[in-house]
Amino acid sequence: IYRTNNLVEQLLALSKLEALKRNEDLEQDINADAIVNEMLKIKEFEINNKKLTISYQNDGNLPIKKGFPILISMLFRNLVDNAIKYSPENAKVTIVIKDDTFSITNSDTKVLEEFLPKLGERFFRPPGQKENGSGLGIPIAIRIAKIYDCSFHMENTDEGFRITIKKVSV
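The shown structure was predicted, so the numbers you read here are calculated from the model rather than taken from an experiment. (Residues numbered from 1 in each chain as written. Predicted model: local features only at pLDDT ≥ 70, side-chain atom pairs only at ≥ 80, totals over all residues. Heavy atoms only, no water.)

Novice: Explain the overall build of the chain to me, and be specific about the residues and the numbers.
Specialist: Within the chain one finds five helices and seven strands. If you list the helices and strands of the chain from N to C, you get α-β-α-α-β-β-α-β-β-α-β-β. Every one of the 170 residues in the chain was classed for burial, and the buried ones make up 45%. Considering only intrachain contacts with a sequence separation of at least 6, the fraction spanning at least 24 residues in the chain is 68%. (Helix = DSSP H or I, 4+ residues; strand = E, 2+ residues; numbered from the N terminus. Buried < 20%, exposed > 50% of the residue type's maximum accessible area, 1.4 Å probe, protein only. Contact = heavy atoms within 4.5 Å.)

Have a look at this one:
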């Protein structure tokens, strides 16, 4: 029931995002600390159960400074949730907000290069996944980033799999 409910919520969110146009008059200042800390509190059991180390640093320079908090919350939630879910035991998840960039890296995790471009496709999940999911989290995060004129980049680094969201210069 939980998985079905989550899938329906993700599909509805994606559907609404497709039709959404920005209304800057209604946007609010974004408090990244509150959003990320709330997400980490919600995921505390899973973090402790997997013995993950979470590192969060914020220099206060978000790529999205004003927006709809519920959308930014959904963006962060999808990325943090994925990092926690797909990290092996004893891994480190690093969340950094700096220089108009948001990045999240999960150590000890790599995505086969052939699957990196497909991660943004709806319902795509690399073969062999043991974790439950719908394959909609990253497509939703990509759509929200685009709404706020941000780039969305996924890569394997020496530190692990990293997603970076950066403000596109206008």
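Text resumes after the structure shown.
Novice: Explain the sheet that holds strand S6 (residues 150-157) to me, and be specific about the residues and the numbers.
Specialist: With respect to topology, five strands assemble into an open sheet ordered S2-S4-S5-S7-S6, the strand pairing being mixed. On the outer flanks of this sheet lie strand S2 (53-58) and S6, each paired with one strand and no other. Put simply, the sheet's adjacent strands are angled 10 degrees from each other on average, direction ignored. Judged from the six bridges that link them, S2 and strand S4 (residues 92-98) form a sheet pairing that is parallel. Counterpart to asparagine 58 in the pairing with S4 is isoleucine 97. In the packing of helix H4 (residues 69-86) onto the sheet, the strands contacted are S2, S4, strand S5 (101-106), S6 and strand S7 (160-167), and the crossing angle to S5 comes to about 20 degrees. Most of the contacts of helix H5 (residues 137-147) go to S6, to which it runs at about 140 degrees, and overall it touches S6 and S7. (Pairing = 2+ DSSP bridges. Axes fitted to C-alpha atoms, helices over the stretch in contact; angles between N-to-C directions.)

Novice: Lay out the packing of aromatic side chains with the relevant residues and their values.
Specialist: When we look at a pair of aromatic rings, we describe it by the centre distance and by the angle of the planes. Enumeration over the complete set of coordinates arrives at one aromatic pair. Their ring planes at 15 degrees and their centres at 4.5 Å tell us that phenylalanine 76 and phenylalanine 102 sit as a pair that is stacked. Taken as a pair, phenylalanine 76 in helix H4 and phenylalanine 102 in strand S5 lie far apart in primary sequence, 26 residues in all. Both residues of the pair, phenylalanine 76 and phenylalanine 102, belong to the buried class. (Phe/Tyr/Trp six-rings, centres within 6.5 Å; stacked < 30°, edge-to-face > 60°.)

Novice: I'd like to hear about unusual backbone geometry, residue by residue, with values.
Specialist: Backbone geometry follows two general trends: most residues other than glycine have a negative phi, and most peptide bonds adopt the trans configuration. Here the phi dihedral of lysine 51 falls at roughly 55 degrees; this positive angle occurs in a residue that is not glycine. Residue position: lysine 51 is located in the loop between helix H3 (44-49) and S2. Phi angles above zero are rare outside glycine, and asparagine 90 is one such case at about 65 degrees. Positionally, asparagine 90 belongs in the loop between H4 and S4. Exposure remark for asparagine 90: the relative accessible area of 52% places this residue in the exposed category.

Novice: Hey, could you go over the packing of helix H2 (residues 32-42) against H4 for me, with residue numbers and the actual values?
Specialist: Interhelical geometry of H2 versus H4 gives an angle of 40 degrees and a closest axis separation of 10 Å. When the interaxial angle is binned, H2 and H4 end up oblique. The way H2 lies across H4 gives a crossing that is right-handed. Taken together, the residues of H4 that come into contact with H2 (itself represented by Ala32, Ile35, Val36, Met39 and Leu40) are Pro69, Ile72, Ser73, Phe76, Arg77, Val80, Asp81 and Ile84. Across the contact of H2 with H4, the residue classes break down as ten nonpolar, one polar and two charged. (Parallel < 35°, antiparallel > 145°, perpendicular 65-115°, else oblique. Left-handed = near helix turned anticlockwise from the far one by under 90°. Nonpolar A, V, L, I, M, F, W, Y, C, P; charged D, E, K, R; others polar.)

Novice: Explain the pairing of S5 to me, and be specific about the residues and the numbers.
Specialist: The buried fraction of S5 amounts to six of the six residues, a majority that puts the element mostly inside the structure. Of the two faces of S5, the one holding Thr101, Ser103 and Thr105 and the one holding Phe102, Ile104 and Asn106 are both buried throughout. One ladder, built from six bridges, connects S4 with S5; its direction is antiparallel. Residue pairing for S5: isoleucine 95 is matched across the bridge by isoleucine 104.

Novice: Give a description of H2 that names residues and reports values.
Specialist: Listing the buried residues of H2 in full gives Ala32, Ile35, Val36, Met39 and Leu40. For H2, the buried positions fall inside an angular range of 125 degrees around the axis, keeping them on one side. For H2, the exposed residues lying more than 90 degrees away from the buried face are Lys41 and Ile42. Contacts from the buried residues of H2 go to H3, S2, H4 and S4. (Arc of directions from axis to C-beta.)

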